Amino acid sequence: MSLINLIELPVLGDARGSLVSIEANNTVPFDIKRAYYIFNTKDNVARGFHAHKNLKQLAVCVSGQCRFELDNGLQRESVLLDSPAKGLFIVDMVWREMHDFSKDCVLIVFASEHYDEADYIRDYEDFLEQVKS
Ligand code: T46
């Protein structure tokens, strides 16, 4: 089964331009408790390098592009987010890395839980131990 779960976000376009709506428990299969966005990423920077114990997220590049690598301890897959109509759904216990940010990249993430540093697994060896157990 693929680790890459892309949700096609309906674009509500008219003569004025485009609009995408994200609704909790409708467009995304969880209650949205938090949103954050990443922008102004410097050249050759990669981010992420962690997993979450209990967090569902939807990541959308609303401008520009970046590449996600997802890893469940058995397989690793890569996907380019390059459209505001493409949402990447990421579940618990998946190691994620973000690479190849374009200068104009604005990555918005909708999350099922409030920020909690204790939910992060930031060491890859710890992550492998925890997915195996
Ligand atoms: C994820 C990927 C896709 C907060 O205080 N509140 C927040 O809601 C977030 C997300 C971060 N922070 C603080 C924690 C750090 O001091 O902001 C700083 C940067 O966070 P971090 O290094 O975790 O950022 P990324 O880009 O490596 O990872 C982020 C999310 O943290 C993470 O949950 O899945 O984006």
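Definitions and cut-offs
Residues numbered from 1 in each chain as written. Predicted model: local features only at pLDDT ≥ 70, side-chain atom pairs only at ≥ 80, totals over all residues. Heavy atoms only, no water. Buried < 20%, exposed > 50% of the residue type's maximum accessible area, 1.4 Å probe, protein only. Helix = DSSP H or I, 4+ residues; strand = E, 2+ residues; numbered from the N terminus. Pairing = 2+ DSSP bridges. Near = heavy atom within 4 Å. Polar contact = N/O pair within 3.5 Å; in protein donor to acceptor, adjacent residues only side chain to side chain. Areas by Shrake-Rupley, 256 points an atom, 1.4 Å probe, with all protein chains shown as cover. Nonpolar A, V, L, I, M, F, W, Y, C, P; charged D, E, K, R; others polar.

Novice: What exactly am I supposed to notice about the pairing of strand S4 (residues 57-63) here?
Specialist: The element S4 is largely enclosed, with a buried count of five among its seven residues. By the bridge criterion, four bridges tie S4 to strand S7 (residues 86-90) in an arrangement that is antiparallel. In the strand pairing of S7, Gln-57 is matched with Ile-90. Bridging between S4 and strand S9 (residues 106-111) involves six bridges; their strand directions are antiparallel. When the sheet's bridge partners are listed, Val-60 is paired in S9 with Ile-108.

Novice: In this structure, what is going on with the site of the ligand? I would like to understand it.
Specialist: Taken together, 13 residues lie near the ligand, and Arg-34, Arg-47, His-52, Gln-57 and Tyr-120 sit nearest. Note that an oxygen atom of the ligand is positioned 2.7 Å from one of the side-chain N or O atoms of Gln-57. One of the side-chain N or O atoms of Arg-96 is found 2.8 Å from an oxygen atom in the ligand. When the ligand is considered free in solution it has 640 Å² of accessible area, and contact with the protein chains removes 69% of it. When contributions to the shell around the ligand are tallied by element, the ones reaching two or more residues are strand S2 (34-38), strand S3 (47-52) and strand S8 (95-99). Take the shell around the ligand: its biggest share by element is four residues, from S3. By residue class, the composition of the shell around the ligand is five nonpolar, four polar and four charged.

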